[in-house]
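Coordinate inspection notes
Letter by letter, the chains look like this.
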Amino acid sequence: MKGSMRPLVMGAAVLAGSCLAATAWAQDHDVIYAEVIDGSGVPVTDLRPEEFRVTEDGRVLEVVAAQLGTAPMRVALLVDNGVIIGRRQAMGPLRDGVAGFLETLAPEHPVSLSTIGGHIGWRVDFTTDRAALLASALEMHSDSGSVRFLDGIRETWDRRFDGDEAWPVFVAILTDANETSAFMNENRFNGFVANLRAAGVMVHAVLWTSRARRTTASLVSTGLALNLVHNTGGRYVAIATATAYGQILRQLAADMTAHHRAVSKRYRVLYEAPYEPGTRISVSVLRPGLQVRLHGNRRIDP
């Protein structure tokens with residue numbers, strides 16, 4: 001049954017209805033998140049993909065998959081250990097911040113750890129072994145190179161994720177060092193962001209603004225972080241001192257854990273995107289007596 005309708009631009013926070021404004025992505029599939037409740041307000045968690053009906057401006061679209069978000073998050077932790085960290089002797093606060101994040105995030109969520117300062121260093125693949133992750137985090141050292149934020153995300157996505165994870169998440173711990181990634185073509189970047197969104201990826205970024213006067217190149221890394229966070233529903237936090245890493249990263253881990261529990265009853269509905277995008281998406285279910293509430297993504301509150 002279709003719920004009340006109130007259109008919303010894709011990418012905004014929450015929609016309390018079963019329709020929203022459609023947007024075109026450069027891909028074959030699009031995704032929307034649907035919370036389905038019964039007449040008593042209890043979430044319905046046993047729906048099959050064939051029980052969902054997606055239309056765009058009245059056109060019926062093929063539903064490819066519908067999956068609940070109860071699976072654990074798969075969290076790729078990317079740490080900028082580059083030139084700013086070395087110059088400001090901030091390796092200690094950075095290690096403490098990473099350790100605090102790992103200690104606070106709920107233990108069922110596997111985490112990988114890599115560094116992206118100067119070069120991309122794979123340290124620990126996805127695991128729930130917090131002891132192994134903590135040991136590696138405490139052994140991190142600063143690098144003399146600049147940050148490769150975008151390359152780090154792209155290579156991690158290509159090499160460490162399968163592409164069909166229910167909860168893929170990136171957490172980037174950054175400085176405002178100059179961005180030196182090779183993957184900087186605008187069209188490629190836009191297509192990459194679209195693919196991340198279609199796969200349900202969420203990007204969080206904590207960025208230490210270490211300089212009063214930033215260069216154009218350092219503003220690039222800040223802009224990339226803001227772009228990815230905004231387009232994937234994550235959280236962006238700017239800090240003024242490296243000593244704030246600890247408190248901010250612990251809070252982020254706690255909020256991620258709580259957010260996962262709160263929205264785990266939403267279905268991630270993947271459907272065939274029309275060649276000519278429309279302006280309004282509607283989702284209903286064939287099972288009678290149910291209400292659908294739509295969300296453009298799993299956006300975490302600011």
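The structure reproduced in this document is the subject of the present report. Along each chain, residues carry numbers from 1 onward, in the same order as the chain's sequence is written. Per-residue local features are limited, in this predicted model, to residues with pLDDT of at least 70; the limit for side-chain atom pairs, both in listing and counting, is 80 or more; totals at the level of whole chains, interfaces and linings are taken over all residues. Calculation of side-chain values draws on the structure's entire complement of heavy atoms; hydrogens and water are dropped beforehand.

Strands are treated as partners if at least two bridges between them are detected by DSSP. Only DSSP runs of H or I with at least four residues qualify as helices, and only runs of E with at least two residues qualify as strands; both kinds are numbered from the N terminus onward. Taking strand neighbours across the sheet as the criterion, the six strands line up as β8-β7-β6-β9-β10-β11 in an open arrangement whose pairing is mixed. On the outer flanks of this sheet lie β8 (121-127) and β11 (236-239), each paired with one strand and no other. Neighbour-to-neighbour, the strand axes of the sheet open up by a mean angle of 10°, direction not taken into account. Bridge count for strand β7 (residues 111-115) against β8 is four bridges, and the pairing is antiparallel. Note on β8: the bridge partner recorded for Ser114 is Trp122. Here helix α2 (residues 91-104) sits on the sheet in contact with β6 (74-79), β7 and β9 (168-175), set at roughly 175° to β6. Axes here mean lines fitted to C-alpha atoms, for a helix over just the part in contact, with angles spanning 0 to 180 degrees between N-to-C directions. Contact criterion: two residues are considered in contact whenever any of their non-hydrogen atoms come within 4.5 Å of each other.

Moving on to helix α5 (residues 186-198). Under the 1.5 Å per step criterion, the end-to-end length of α5 is 18 Å for 13 residues, consistent within 8% with the ideal 18 Å. Taken as a whole, α5 has its buried residues at Phe189, Gly191, Phe192, Val193, Ala194, Leu196, Arg197 and Ala198. A helix is expected to span 1.5 Å for every residue after the first. Think of it in three bands: residues with accessible area under 20% of the maximum for their type are buried, residues over 50% are exposed, and the middle band is partly exposed, with areas taken using a 1.4 Å probe on protein chains only.

Quick look at the nonpolar core now. Within the largest apolar cluster, 66 residues are counted, with the highest numbers of intra-cluster contacts made by Leu77, Val98, Phe101, Phe149 and Tyr245. In contact with Leu77, not counting residues within four places along its chain, are Val98, Phe101, Leu102, Val111, Ser112, Leu113, Ser114, Val171 and Ile173. Within this scheme, the nonpolar core is defined by two criteria: the residues are buried Ala, Val, Leu, Ile, Met, Phe, Trp, Tyr or Cys, and they are joined through side-chain atoms within 4.5 Å.

What follows is about the sheet that holds strand β5 (residues 63-68). The antiparallel open sheet is built from four strands, whose spatial order is β5-β12-β2-β14. Taken across any chain shown, the strands that pair with only one partner, and hence form the sheet edges, are β5 and β14 (291-295). Within the sheet, the average angular offset between the axes of one strand and its neighbour, ignoring direction, is 30°. As paired strands, β5 and strand β12 (residues 266-272) are joined by five bridges and run antiparallel to one another.

Right, let's talk about unusual backbone geometry for a bit. Even without being glycine, Asp57 reaches a positive phi, approximately 50°. When you line up the elements, Asp57 lands in the loop between β3 (52-56) and β4 (59-61). You will see that Gln89, though not glycine, has its phi angle at about 50°, which is positive.

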